[in-house]
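Summary of the model geometry
One-letter residues, chain by chain:
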Amino acid sequence: AQSVTQLDSQVPVFEEAPVELRCNYSSSVSVYLFWYVQYPNQGLQLLLKYLSGSTLVESINGFEAEFNKSQTSFHLRKPSVHISDTAEYFCAVVNTGFQKLVFGTGTRLLVSP
Amino acid sequence: KAGVTQTPRYLIKTRGQQVTLSCSPISGHRSVSWYQQTPGQGLQFLFEYFSETQRNKGNFPGRFSGRQFSNSRSEMNVSTLELGDSALYLCASRLAPQGTDTQYFGPGTRLTVL
């Protein structure tokens, strides 16, 4: 079975600073990878996903993530964060066998002025 | 297109009662999944329905059940509620149960068991 590890439960940063949220996964088969964001009192919104092809994927709001098969990682980065990026971020994996999402425990990004 | 809708948004129940939560998927989506979110356990998969059939099931007791109707709307039922069932219940829909299909989430139903 696959699993996802998000080692950082909380990441505090100052506005306009860069940030990296770490995600590692384990699976014996090929996987698809996702990052979701959850704002307070809301459901999850898809931020970006890796299915195949280019290992670097980008979102419309400046986030990017790179799939690294050898390190089994899918870290999320943003070069300059805004206050509005304050939210909880979940990494998720699905393999072609089970076809269901398995989530990490989430990382709370706290952006302060 | 309208997003995934869930009703009700908030529920307060007492131990021993049962509860039914409803989810309407995005138009055209035939797969509906349910997740439980708690501070201690995080996001846990409950089950997925596609074409009125349960396709996948997580590790939850039989008190948790679900169904899907011919219009793809889904309901989730929890019987004999326990304090530990207090959680945010999220519904997600996608076109079909394929790994490449993105799941779109609703706002959730916040269940509090007293």
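Throughout what follows, the structure given in this document is the object of discussion. (Residues numbered from 1 in each chain as written. Chains lettered and ligands numbered in written order. Predicted model: local features only at pLDDT ≥ 70, side-chain atom pairs only at ≥ 80, totals over all residues. Heavy atoms only, no water.)

Remarks on the sheet that holds strand E1 (residues 5–7) of chain B
Residue and element names in this part refer to chain B. Keep this limit in mind: Two strands pair if DSSP finds at least two bridges between them. Each helix is a run of DSSP H or I of at least 4 residues and each strand a run of E of at least 2, with the numbering of both proceeding from the N terminus. Angles run from 0 to 180 degrees between N-to-C directions of axes, and those axes are lines fitted to C-alpha atoms, restricted for helices to the stretch in contact.
Strand order in this open sheet of four strands is E1-E3-E8-E7, and the pairing throughout is antiparallel. The sheet is open, and its two edges are formed by E1 and strand E7 (64–68), each paired on a single side. When the angles between neighbouring strand axes are averaged without regard to direction, this sheet yields 20°. Here five bridges tie strand E3 (residues 19–24) to strand E8 (residues 74–78), and the two strands are oriented antiparallel to one another. Looking at E8, one finds that Leu21 is bridged to Met76.

Regarding the nonpolar core
Spelled out, the test is: In this description, a nonpolar core means a group of buried Ala, Val, Leu, Ile, Met, Phe, Trp, Tyr and Cys residues linked to one another through side-chain atoms lying within 4.5 Å. Only protein chains enter the calculation, and the probe is 1.4 Å; a residue is then buried if its accessible area is under 20% of its type maximum, exposed if over 50%, and partly exposed in between.
If you look at the biggest cluster of nonpolar residues, it comprises 28 residues, and the most contacted ones within it are Trp35(A), Leu48(A), Phe74(A), Leu76(A) and Tyr89(A). Elements that contribute at least two residues to this core include exactly strand E2 (10–14), strand E3 (19–21), strand E5 (31–38), strand E6 (44–50), strand E8 (64–68), strand E9 (73–78), strand E10 (87–95) and strand E12 (107–112) of chain A. Counting residues in each nonpolar core, the second largest holds 21 residues, with Val4(B), Val19(B), Leu21(B) and Phe47(B) among its members.

Points about the packing of aromatic side chains
Selection criterion: Put simply, two rings from Phe, Tyr or Trp (the six-membered ring, in Trp's case) pair if the centres are within 6.5 Å, and we call them stacked under 30 degrees between planes, edge-to-face over 60, tilted for the rest.
Summed over all chains, the structure comprises 13 aromatic pairs over all chains. On the basis of an interplanar angle of 45° and a centroid distance of 5.5 Å, the ring pair of Phe63(A) and Tyr89(A) is categorised as tilted. Here Tyr89(A) lies in strand E10 and Phe63(A) lies in the loop between strand E7 (56–58) and E8, a separation of 26 residues in the sequence. We classify Phe63(A) as buried; its relative accessible area is 1%. Among the residues examined, Tyr89(A) registers a relative accessible area of 0% and is labelled buried. Consider the rings of Phe103(A) and Phe105(B), whose centres lie 6.1 Å apart with planes at 70°: the pair is edge-to-face. In this pair, Phe103(A) sits in strand E11 (residues 102–103) while Phe105(B) sits in strand E10 (residues 104–105), so the two residues belong to two different chains. By relative accessible area, which is 9% here, Phe103(A) ends up buried. An aromatic cluster is present here, built from Phe34(A), Tyr36(A), Phe90(A), Phe103(A), Tyr35(B), Phe45(B) and Phe105(B) joined pairwise through their rings.

A few points about the interface of chain B and chain A
Note on interface size: it is often stated as the accessible area lost on association of the parts. Our working rule: Throughout, a contact is declared for two residues whenever any of their heavy atoms are within 4.5 Å. As used here, buried area is the combined drop in accessible area, with a 1.4 Å probe, of two parts when they are placed together. Salt bridges are defined as contacts in which a side-chain nitrogen from Lys or Arg sits within 4 Å of a carboxyl oxygen from Asp or Glu. In the analysis that follows, any N or O atom pair within 3.5 Å is treated as a polar contact, provided that within protein one partner can donate a hydrogen and the other can accept it, and provided that, for residues neighboring in sequence, both atoms belong to side chains.
Taken residue by residue, the interface counts 19 residues in chain B and 18 residues in chain A. For the pair chain B and chain A, the summed buried area comes to about 1,600 Å², and 55% of that belongs to carbon and sulfur atoms. On the chain B side of the interface with chain A, the three residues burying the most area are Leu43(B), Gly99(B) and Phe105(B), jointly 30% of the side's total. In this structure, the connection of chain B to chain A is made through zero salt bridges. Put simply, chain B and chain A have three residue pairs in polar contact (both at pLDDT 80 or more) between them. Only strand E4 (31–38), strand E5 (42–50) and strand E9 (87–94) of chain B provide two or more residues apiece to the side of chain B that touches chain A.

Treat this as a map of the structure, not an account of what it does.
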